[in-house]
Amino acid sequence: RDALDKLLYDVEVQICQKIPTDQGVCQQRDTVFSQSYKFQATGWVELGKDPKPTPWPLSVDEPRTFFEKLWVSHRVIQPVSGKSMNVVIIPIERIKCRAGTSYGITTKTCDACTTEEYVVDPDKFNCQPCPEGAICDGSNFTSKVDGAVWDVDENGAYQLQSCPEGYEWAEKECIPCRFCEPRGAFCTDARYIRSPSTKQSRTVCQGCPEGALCDGASLISR
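Please read these numbers as outputs of a predicted model, since none were measured by experiment. (Residues numbered from 1 in each chain as written. Predicted model: local features only at pLDDT ≥ 70, side-chain atom pairs only at ≥ 80, totals over all residues. Heavy atoms only, no water.)

Peer 1: Help me out: how do you make sense of the overall build of the protein chain in this one?
Peer 2: Regarding its fold elements, the protein chain presents one helix and 18 strands. Relative to the compact-globule value of 17 Å for 222 residues, the protein chain shows a C-alpha radius of gyration of 31 Å, a clear excess of over 25%. Along the longest, intermediate and shortest principal axes, the C-alpha atoms of the protein chain span 105 × 35 × 25 Å. Buried residues in the protein chain amount to 37% of all 222 residues. Of the contacts formed within the protein chain by residues at least 6 apart in sequence, a portion of 44% connects residues at least 24 apart. Counting 25 positive and 31 negative side-chain charges, the protein chain places the averaged centre of each group 5 Å from the other. (Helix = DSSP H or I, 4+ residues; strand = E, 2+ residues; numbered from the N terminus. Rg over C-alpha atoms; globule rule 2.2 N^0.38 Å. Buried < 20%, exposed > 50% of the residue type's maximum accessible area, 1.4 Å probe, protein only. Contact = heavy atoms within 4.5 Å. Lys, Arg positive; Asp, Glu negative; His and termini not counted. Charge placed at Lys NZ, Arg CZ, Asp CG, Glu CD.)

Okay, here's the thing in structure tokens:
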């Protein structure tokens, strides 16, 4: 029992924004976390019995700009019988929020997106609602129409820029002009569109004029 009692060190664990001193001490302004613990007779420190969640700190005063690296310091603050242990300093790096989640500015955790949302960069942007012209799964964004052009705006949301031949731009989706069956055939009931429909220059589907045949995109003379 006396031998086991010698394991009862008091230790301090700190997390620092900058490399701590050789004694394992963080400067006050650089301290992210500081907590003392007591070694048990088993030789273990039961950290799980004293949880203290600590969000990863920001490197500047902006919502999602993180320190790339922190340092964990472990040192004995109450030696036993004059005996101590070496200071341990370990660098740690942040693991990014996984796909399908978004870093919450208020929660300071990686919050899951719904299956009706997507996220471009989980660390930088919020989950975004899936527009009518796309298919989403909580992480990925896939356009329903091949050839449609989408750009990401400053908020991490996809914005529809242009639609391919045979489609009309409609802000959140590409709407097809009426076409013939089978698709690609020409008929009088189909419509056509004069030029690609874009956000900057929206063109609309036109009725097939008399004396012409249309296929939902272009027209030919009979």
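Peer 1: Teacher, can you tell me more about the pattern of salt bridges here?
Peer 2: Pairing between side chains of opposite charge can happen when their charged atoms approach one another. Applying the stated criterion across every chain, the model contains four salt bridges. Here D123 ties to R94 by a salt bridge, and the two come within 2.7 Å at their closest N and O atoms. Here D123, found in the loop between β7 (117-118) and β8 (128-129), pairs with R94, found in the loop between β4 (88-93) and β5 (101-103); they are 29 residues apart in sequence, far enough to count as distant. As far as burial versus exposure is concerned, D123 and R94 are alike and both buried. Residue D121 pairs with K96 through a salt bridge whose shortest N-O separation is 3.9 Å. Here D121 is found in the loop between β7 and β8, whereas its partner K96 is found in the loop between β4 and β5, with 25 residues between them in sequence. (Salt bridge = Lys/Arg side-chain N within 4 Å of Asp/Glu carboxyl O.)

Peer 1: Please clarify how the state of the cysteines should be interpreted in this entry.
Peer 2: Covalently bonding the sulfur atom of one cysteine to the sulfur atom of another cysteine gives a disulfide. In the structure shown here, the tally under the stated rule is eight disulfides. What pairs with C180 in a disulfide is C187, and their sulfur atoms sit 2.0 Å apart. On the S-S bond that ties C180 to C187, the torsion sits near -95 degrees, and the link is left-handed. (Disulfide = S-S within 2.5 Å.)

Peer 1: When you look at the sheet that holds β4 in this model, what are you seeing that I'm missing?
Peer 2: Backbone-to-backbone hydrogen bonds pair the strands of a sheet. The strands run either parallel or antiparallel. The four strands lie next to each other as β2-β1-β3-β4, forming an open sheet whose pairing is antiparallel. Each edge of the sheet is formed by a strand with only one pairing partner; in this case those strands are β2 (31-38) and β4. Sheet twist, expressed as the mean angle between neighbouring strand axes with direction ignored, is 20 degrees. As paired strands, strand β1 (residues 10-16) and β2 are joined by seven bridges and run antiparallel to one another. Each residue of the ladder has a partner; that of V13, found in β2, is Q35. (Pairing = 2+ DSSP bridges. Axes fitted to C-alpha atoms, helices over the stretch in contact; angles between N-to-C directions.)

Peer 1: Please clarify how the packing of aromatic side chains should be interpreted in this entry.
Peer 2: Each pair of aromatic rings is reported with the distance of its centres and the angle of its planes. What the rule picks out here adds up to five aromatic pairs. With 4.9 Å between their ring centres and 90 degrees between their planes, F66 and Y103 make a pair best called edge-to-face. With a gap of 37 residues between them, F66 in the loop between β2 and β3 (69-78) and Y103 in strand β5 connect regions that are remote in the sequence. Seen in terms of ring centroids, F141 and W150 are 5.1 Å apart; in terms of plane orientation they differ by 75 degrees. Their pairing is edge-to-face. Neither F141 nor W150 differs from the other in exposure class; each is buried. Among the aromatic residues, ring-to-ring pairing joins Y118, F141, W150 and Y158 into one connected group. Over the aromatic face of F66 sits the side chain of R94, whose NZ or CZ is 3.8 Å from the ring centroid. Above the ring of F179, the side-chain terminus of R183 is found at 4.0 Å from the ring centroid. (Phe/Tyr/Trp six-rings, centres within 6.5 Å; stacked < 30°, edge-to-face > 60°. Lys NZ or Arg CZ within 6 Å of the ring centre and 35° of its normal.)

Peer 1: So what exactly am I meant to see when it comes to the side chain of D153 here?
Peer 2: With respect to the element layout, D153 can be found in the loop between β11 (149-152) and β12 (158-162). Within the local environment of D153, its side chain forms a polar contact with the backbone nitrogen of N155, the two atoms lying 2.9 Å apart. Reaching out from D153, the side chain makes a polar contact with the side chain of Q159 at a distance of 3.0 Å. (Polar contact = N/O pair within 3.5 Å; in protein donor to acceptor, adjacent residues only side chain to side chain.)

Peer 1: Sorry if this is basic, but what is going on with the side chain of S162 here?
Peer 2: On the secondary structure map, S162 appears in strand β12. You can call S162 buried: its relative accessible area is 16%. The contacts of S162, once residues within four sequence positions are left out, are A148, V149, W169, C174, S197 and T198.

Geometric descriptors of this kind do not, in isolation, establish any biological role.
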